[in-house]
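Remarks on the overall topology
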Amino acid sequence: HTETRLADWRPYPWKLDSTRLAFTIAPQATTVESTLVFGPGENGPGAEGPADLVLDGAGLNTLALTIDGQTIDETHVSRGEETLTIAAAALPPGGFTFAARVQIDPAANTALEGLYLSGGIYCTQCEAQGFRHITWYPDRPDVMAPFRVRITADQPVILSNGNPVGQGEGWAEWDDPWPKPAYLFALVAGDLRAVSGAFTTMSGRKVALNVWVRPGDEDRAGFALEALKKSMRWDEQVYGREYDLDVFNIVAVDDFNMGAMENKGLNIFNSKLVLASPETATDTDYERIEAVIAHEYFHNWTGNRITCRDWFQLCLKEGLTVFRDQQFTSDMRSAPVKRIEDVLNLRGRQFREDQGPLAHPPRPDHYQEINNFYTATVYEKGAEVIGMLKRLVGDDGYAKALDLYFQRHDGHAATIEDWLKVFEDATGRDLSQFKRWYVDAGTPRLTMTEAWDGDAGRLTLRFTQTTPPTPGQPDKPPRVIPIAVGLISPNGDEVLPTQVLEMTGASQDFTFDGLAARPVVSVLRGFSAPVMLERPIDAATQAFLLAHDTDPFTRWEAGRALARDSIIAMSQGGKPSAEYIPAVGRLLADTAADPAFRALALRLPSEEEIATAINAAGDVPDPDRIHAAREALARDIATTHRAALEATYDAMAVPGPYAPDAGPAGQRALRLAALGLLNRIDGGARAAALWESAGNMTEKQGALMALIEADRAGDALAQMEAQFGANRLVMDKWFMVQPLAASPDRAPEIAAALAERPDFDWKNPNRFRALLGGLAANHAGFHRADGAGYRFYTDWLLRLDPVNPQTTARLCSAFETFRRYDPARQALVRAELQRLAEQPGLSRNTAEMVGRILG
Ligand code: B3K
Ligand code: ZN
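What counts, and where the lines are drawn
- Residues numbered from 1 in each chain as written.
- Chains lettered and ligands numbered in written order.
- Predicted model: local features only at pLDDT ≥ 70, side-chain atom pairs only at ≥ 80, totals over all residues.
- Heavy atoms only, no water.
- Donors = N, O, S within 2.8 Å, 3.2 Å for Na, K, Ca; no water.
- Helix = DSSP H or I, 4+ residues; strand = E, 2+ residues; numbered from the N terminus.
- Buried < 20%, exposed > 50% of the residue type's maximum accessible area, 1.4 Å probe, protein only.
- Expected span 1.5 Å × (residues − 1).
- Arc of directions from axis to C-beta.
- Pairing = 2+ DSSP bridges.
- Axes fitted to C-alpha atoms, helices over the stretch in contact; angles between N-to-C directions.
- 1 Å grid on protein atoms, 1.4 Å probe; cavity = no way out; pocket = protein on both sides within 12 Å on 5 of 7 lines; lining within 4 Å.
- Points joined across faces, edges and corners; volume = space filled by probe spheres on them.
- Nonpolar A, V, L, I, M, F, W, Y, C, P; charged D, E, K, R; others polar.
- Domains from an automatic or database assignment.
- Contact = heavy atoms within 4.5 Å.
- Near = heavy atom within 4 Å.
- Polar contact = N/O pair within 3.5 Å; in protein donor to acceptor, adjacent residues only side chain to side chain.
- Areas by Shrake-Rupley, 256 points an atom, 1.4 Å probe, with all protein chains shown as cover.
- Core = buried A, V, L, I, M, F, W, Y, C linked by side-chain atoms within 4.5 Å.
- Buried area = accessible area lost by both parts, 1.4 Å probe.
- Salt bridge = Lys/Arg side-chain N within 4 Å of Asp/Glu carboxyl O.

Next up on the list: the coordination of the zinc ion (ligand 2). For the zinc ion (ligand 2), the full set of protein donor atoms is His295 (NE2), His299 (NE2) and Glu318 (OE), at a range of 1.9 to 2.1 Å. In the primary sequence, the donor residues of the zinc ion (ligand 2) line up as H-x3-H-x18-E. Of the two residues, histidine 295 sits in helix 2 (residues 283–298) while glutamate 318 sits in helix 3 (residues 314–332), which places them 23 residues apart along the sequence. Here histidine 295 and glutamate 318 have matching classes, each one buried.

Put into structure tokens, the structure is as follows:
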């Protein structure tokens, strides 16, 4: 398969002045007529001589091609695998109009890329390269044009980007004045109902807002609409960014490869990120809906008005937009809790990626299939890098740089170099070393040692950094690392509030003078850099930090480390840290602390996290022993603190009607964390009672997971199916929790039995991910020694690949950690990967993933 390289990027030689599209929609034969007006490009005729016109297209039935109304002579046309080239000789150098008529088949489009049908609704997904499945076009993000779109369809609702300019029975016309690349094009046609509102922008313009759902789903769309209004207001207040069209549409569809898509003025969402009611959605679902609605809305400026020059620059829009949605959630909810959640997510997905065969920089420089690079590294590490930049230049510097970014690049397609340049110009800083964060893969290991000179009252902190090799990058020069530290005196008072140390060398000392007594160091506050920190520290000091640190992140981190070390020790035949179980008691007694924080502190690290830590220490993780050790620790905690856990469980019952706000959600989270522990010693009694009494999905799902763990969920599962059998999103949960919470010795069999059911609608990405993702997240079940988990998983990847390559390829990452495990498990995974690799006709998406994982 061929590789695309950053070094090969060249400007498009023609300038696309306008795009007109006319669709005549029919399930198996939709006709697309396109009219593209080209003028001489900056680097086109005149600058570099006559240029060919290269257009992208895939799976198109081409009916006509013209230049200025004349059929193009075939001698001037050449065809590649996914390209059409019209020779310069056929093109008037001063400009011309290219027109095409093609036919496509939305009903047969199971890959969900381009125009497809989802449960009777026509919709599109064009990022990254879906537009070429719609018509011939320069399908690259640096070719931007205003779009005028006319759609004829026998459907009540017909939408596209921009503002509506005309409509009648069976047709509608839309005009988008803002130049955009093809990947932001969208079209929707179907029987939909709007939940509508309005927003008045800061300059007083009124914008119509619609959340479009299937008839019957209207009562579950209100939360998304409110989240949209909050996002619009926040982007005005915090970034000074105003919306720029008369209407903003959001559409929920059931079949979608990802979470959502930021098409200009017409965001298309996976229905699970729009629809919510207390009976069907959990607190986590509500928080995600709010965050993703915000994310897609924020893309209007960071992604759409300023887009990416090429797909290597993906983190330019994604890292920044994730960073912005994280800021938004921090402002809407609890900033410390959000930070801890983000770090958990980063470590669970991005650190994992960065330490395995799929490691790549936030800005990669080659790919086979760009859809494989919508990764935790591009998104979440991309956001962390911006967080570091902000920490280094300060809030004012960041605000100035962002203003300059919007001013300088609005309407253009930009690069990471452009992005860094605005920071340099706005702050006067040299960011050449900082750029390493964008171009180097791998997670730096940061070690800290302390030297205390009692006579001088001086503490010296010595930091060293190294980054292990990653595929294609053997040597890693040092990076700039912002290290936030604070010093705490032995009596628990803070003697030095947070200070950001700027590390630039491979090894560097920082000294603190004038100290009356040796302080305890609180380091990497707020997780100030995405590194793995190693420091010699005893359990008593960790317990001290858990009790006294003023920074909520490092406070939580201290407790996490105690829990992690305890499980690791137990999995290797030792005992839990003597400090840990008493510390849990103090946490339960600390009723003044935010329940959401206490819930995070009480929850044990996952088995995956333990396996990662064992691997990082140079040992081989044993999934069965890790599982047993974690269970044993949970039982110890429950036995020791039974009364306090029961009191916490009772105290955290939230009276009155359900509200998805951070306050009550935090109480429910703490309540369920207590339930999870008590469940180990009460045989599921409390979970059974909660299942009966709970009036919201958050507690229902928590109770259900506990019942599955206690192996008494039969009735609950039957009730859930009876009540919600027709609700796809609830049934996705039903499919997910069973393999996820099952005992490892049965998880693969449970997944296999569920896969036999007629309602395992495996072509639907949500349903497929629910079942396979549920199993993969059951660490000991997926990695079961007999290989049953690996086999079942691979069987289904093989089945899905010809139908939906994108979703198949994404799920391959379940295997990215395989080299951590013992030789027997490694051999089992390798055999499954071989089985995939040898499959005739395997998609380019999956082939790339399998190839990279096998190395
Ligand atoms: N930009 C889209 C993701 C598109 C995925 C293409 N395979 C959603 C987002 O990041 O907001
Ligand atoms: Zn995004």
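There is more to say after this.
Turning our eyes to something else, we now look at helix 25 (residues 823–837). The end-to-end C-alpha distance of helix 25 is 20 Å, a good match for the 21 Å that 15 residues give at a rise of 1.5 Å each. Every buried residue of helix 25 is listed here: Arg825, Gln826, Val829, Glu832, Leu833 and Leu836. On an axial view of helix 25, the arc spanned by its buried residues comes to 130°, and they lie on one face. The exposed set on the far side of helix 25, more than 90 degrees from its buried face, consists of Pro823 and Ala824.

Quick look at the sheet that holds strand 8 (residues 83–86) now. The pairing of strands in a sheet happens through backbone hydrogen bonds and is either parallel or antiparallel. Judged by pairing direction, the sheet is antiparallel, and its 3 strands sit side by side in the order 4-8-7 without closing on themselves. On the outer flanks of this sheet lie strand 4 (53–56) and strand 7 (77–79), each paired with one strand and no other. Each strand axis lies, on average, 20° off the axis of its neighbour in the sheet, ignoring direction. With 3 bridges joining them, strand 7 and strand 8 adopt antiparallel strand pairing. Bridged to arginine 79 within strand 8 is leucine 84.

Think of a ball as big as a water molecule: rolled over the atoms, this probe shows where empty space is left. Computed from the structure, the second largest pocket encloses a volume of approximately 1,200 Å³. For the second largest pocket, the lining is made up of 41 residues, of which Thr4, Asp56, Gln129, Arg132 and Tyr367 are closest to its centre. Elements that contribute at least two residues to the lining of the second largest pocket include exactly strand 1 (4–5), strand 4, helix 24 (805–811) and helix 26 (844–854). Here the lining of the second largest pocket is built from residues that sort into 12 nonpolar, 12 polar and 17 charged. Both domains that meet at the lining of the second largest pocket, namely domain 1 (4–191) and domain 4 (725–855), each give it at least three residues.

Next up on the list: the sheet that holds strand 19 (residues 247–253). Strand order in this open sheet of 5 strands is 17-18-19-21-20, and the pairing throughout is mixed. Of all strands in the sheet, those with a lone pairing partner are strand 17 (193–200) and strand 20 (260–261), marking the two edges. Pairing of strand 18 (residues 206–213) with strand 19, which is carried by 5 bridges, proceeds in the parallel orientation. Bridge pairing in strand 19 places asparagine 210 opposite asparagine 249. With respect to the sheet, helix 1 (residues 222–239) is in contact with strand 17, strand 18 and strand 19, its orientation differing from that of strand 17 by roughly 25°.

Here we come to the site of ligand 1. In the neighbourhood of ligand 1, 15 residues make up the surrounding shell, with Glu127, Glu262, Glu296, Asn371 and Tyr379 lying closest. Between ligand 1 and glutamate 318 there is a distance of 2.9 Å, counted from an oxygen atom to a side-chain nitrogen or oxygen. Here a nitrogen atom of ligand 1 sits 3.4 Å away from a polar atom, N or O, in the side chain of glutamine 806. A total of 340 Å² of accessible area belongs to ligand 1 in isolation, and the protein chains cover 97% of it. The set of elements that each furnish at least two residues to the shell around ligand 1 consists of strand 20, helix 2 and helix 3. Across the shell around ligand 1, the residue classes break down as 6 nonpolar, 4 polar and 5 charged.

Quick look at the nonpolar core now. Phe98, Trp419 and Phe434 are the most contacted members of the largest nonpolar core, which totals 277 residues. The element that contributes the greatest number of residues to this core is helix 5 (residues 376–409), accounting for 15 residues. When neighbours within four sequence positions are excluded, phenylalanine 98 is seen to be in contact with Ser34, Thr35, Leu36, Phe38, Leu53, Leu55, Leu65, Thr66, Ile67, Ile72, Ile86 and Trp136.

So, on to the domain arrangement of the protein. Taken domain by domain, the protein consists of domain 1 (4–191), domain 2 (445–534), domain 3 (535–682) and domain 4 (725–855). Each side of the interface is counted separately: domain 2 has 19 residues, and domain 3 has 12 residues. In this assembly, domain 2 packs against domain 3 so that about 1,200 Å² is buried in total across both faces, 63% of it on carbon and sulfur atoms. Joining domain 2 to domain 3, the criterion identifies 2 salt bridges. Between aspartate 549 and arginine 525 there is a salt bridge, and its shortest N-O distance comes to 2.9 Å. For the side of domain 2 that touches domain 3, the secondary-structure elements that each account for two or more residues are strand 25 (445–453), strand 30 (520–523) and strand 31 (532–534). It is strand 30 that provides the largest number of residues to the side of domain 2 that touches domain 3, a total of 4 residues. Classifying every residue of the side of domain 2 that touches domain 3 gives 10 nonpolar, 5 polar and 4 charged.

A few words now on the environment of serine 489. One can find serine 489 in the loop between strand 27 (481–488) and strand 28 (494–503). Each C-alpha atom, one on serine 489 and one on alanine 516, is 8.9 Å from the other, the two residues being 27 residues apart in sequence. In this view, serine 489 contacts Val495 and Phe544; residues no more than four positions away in its chain are not counted.

The next point concerns the side chain of threonine 467. Secondary-structure assignment places threonine 467 in the loop between strand 26 (458–466) and strand 27. Beyond its immediate stretch of four places on either side in the chain, threonine 467 contacts Ala441, Gly442, Thr443, Pro444, Lys476 and Arg479.

Attention now moves to the pattern of salt bridges. Counting across every chain of the model gives 71 salt bridges. One salt bridge in this structure joins aspartate 17 and lysine 15, with 3.3 Å as the shortest N-O distance. As a salt-bridge pair, aspartate 175 and arginine 148 come within 3.6 Å of each other at their nearest N and O atoms. With aspartate 175 in strand 15 (residues 171–180) and arginine 148 in strand 12 (residues 145–152), the pair connects residues that are 27 residues apart, well separated along the chain. Note on arginine 148: relative accessible area 29%, which makes it partly exposed. Taken together, the shared-partner salt bridges connect Asp56, Glu82, Arg132 and Asp139 into one network.

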